[in-house]
Amino acid sequence: MIIEATGLKGLKSDLAHLDEVTTKLGFVRWQWEYTRATYDFKMEDKATQSVYFLRVNARVESGKLESPYAILFLEEAYIGRETFPHGLDYNSPVPDSVLKISNQKLAQLQQLLAD
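Residues numbered from 1 in each chain as written. Predicted model: local features only at pLDDT ≥ 70, side-chain atom pairs only at ≥ 80, totals over all residues. Heavy atoms only, no water.

Trainee: Even after reading the chapter, I still don't get the pattern of salt bridges, so can you show me in this structure?
Mentor: Close approach of charged atoms allows side chains of opposite charge to pair. Counted by the stated rule, this structure contains nine salt bridges. Across the pair Glu 76 and Lys 9 runs a salt bridge whose closest N-O atoms are separated by 2.7 Å. Of this pair, Glu 76 sits in strand E6 (residues 71-83) while Lys 9 sits in the loop between strand E1 (2-3) and strand E2 (12-14), and the two are 67 residues apart along the sequence. Through salt bridges with shared partners, a single network forms among Glu 33, Arg 36, Arg 59 and Glu 75. (Salt bridge = Lys/Arg side-chain N within 4 Å of Asp/Glu carboxyl O. Helix = DSSP H or I, 4+ residues; strand = E, 2+ residues; numbered from the N terminus.)

Structure below.
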């Protein structure tokens, strides 16, 4: 599920600041290549015993990942339900409680990156 109108899409930051801000908010950075990173925030829905991940993608505009000076811009934010053993289902309904937490985290991220 893509989260529309977060205000994050297109924001830019250097890697060091982006890592600092996202870590402060509880995100973990995953990386697959030198030009792209994914920041995940894990949430558990106690009612259904399901795990959801709020995910924000970032792409390098200049430099390469692992350089603290690399400039990244944020892309889409989306939510997926964890599936066994290692996947995410992006088409599952997302409980309101998980959406509320996700929107709060995205608003905090936007505010911290704007400062």
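The structure having been displayed, the exposition proceeds.
Trainee: Please explain the packing of helix H1 (residues 15-24) against helix H2 (residues 96-114) as it appears in this structure.
Mentor: A packed helix pair is summarised by two numbers, namely the angle formed by the two axes and the spacing between the axes. The interhelical angle for the contact between H1 and H2, taken along N-to-C directions, is 145°, at an axis separation of 10 Å. For the pair H1 and H2, the crossing hand works out as right-handed. Contact residues: His 17, Leu 18, Val 21, Thr 22 and Lys 24 in H1; Leu 109, Leu 112 and Leu 113 in H2. Counted by class, the contact of H1 with H2 contains five nonpolar, two polar and one charged residues. (Axes fitted to C-alpha atoms, helices over the stretch in contact; angles between N-to-C directions. Left-handed = near helix turned anticlockwise from the far one by under 90°. Contact = heavy atoms within 4.5 Å. Nonpolar A, V, L, I, M, F, W, Y, C, P; charged D, E, K, R; others polar.)

Trainee: Is there a simple way to explain the side chain of Asp 40 in this structure?
Mentor: Locating Asp 40 in the fold gives a position in strand E4 (residues 36-45). Side-chain polar atoms of Asp 40 contact the side chain of Trp 30, separated by 3.4 Å. A polar contact is formed between the side chain of Asp 40 and the side chain of Arg 55, at a distance of 2.7 Å. Once you skip the residues sitting within four places of it in the chain, Asp 40 turns out to touch Gly 26, Phe 27, Val 28, Trp 30, Phe 53, Leu 54 and Arg 55. (Polar contact = N/O pair within 3.5 Å; in protein donor to acceptor, adjacent residues only side chain to side chain.)

Trainee: Just to check I follow, could you spell out H2 for this structure?
Mentor: Compared with an ideal rise of 1.5 Å per residue, which puts 19 residues at 27 Å, H2 spans 27 Å between its outermost C-alpha atoms and is within 8% of the ideal. In the core, the buried residues of H2 are packed alongside E1, E2, H1, E4, strand E5 (50-62) and E6. (Expected span 1.5 Å × (residues − 1).)

Trainee: For this particular structure, what's the right way to read H1?
Mentor: Helical geometry note: an α-helix holds 3.6 residues per turn, so side chains three or four residues apart project in the same direction. Here H1 has its buried residues at Leu 15, Leu 18, Asp 19, Val 21 and Thr 22. Buried residues along H1 sit against E2, strand E3 (28-33), E4, E5, E6 and H2. N-cap assignment for H1: the residue whose side-chain oxygen lies 3.2 Å from the backbone N of Ala 16 is Asp 14. Count one or two residues on from H1 and you reach Gly 26, which has phi positive near 100°. (Buried < 20%, exposed > 50% of the residue type's maximum accessible area, 1.4 Å probe, protein only.)

Trainee: Please clarify how the packing of aromatic side chains should be interpreted in this entry.
Mentor: In this description, an aromatic ring pair is defined by two values, namely the gap between the centres and the angle between the planes. With the rule as written, the count across this model stands at two aromatic pairs. Between the aromatic rings of Phe 27 and Phe 41, the centroid separation amounts to 5.5 Å while the plane-to-plane angle is 45°, which identifies the pairing as tilted. Of the two residues, Phe 27 is situated in the loop between H1 and E3 and Phe 41 in strand E4; the sequence distance between them amounts to 14 residues. Phe 27 gets classed as buried once you look at its relative accessible area, which sits at 4%. Between Tyr 78 and Tyr 90, the ring centres sit 5.2 Å apart and the planes meet at 70°, which makes this aromatic pair edge-to-face. Placement of Tyr 78 in strand E6 and of Tyr 90 in the loop between strand E7 (87-89) and H2 is noted, with a sequence separation of 12 residues between them. (Phe/Tyr/Trp six-rings, centres within 6.5 Å; stacked < 30°, edge-to-face > 60°.)

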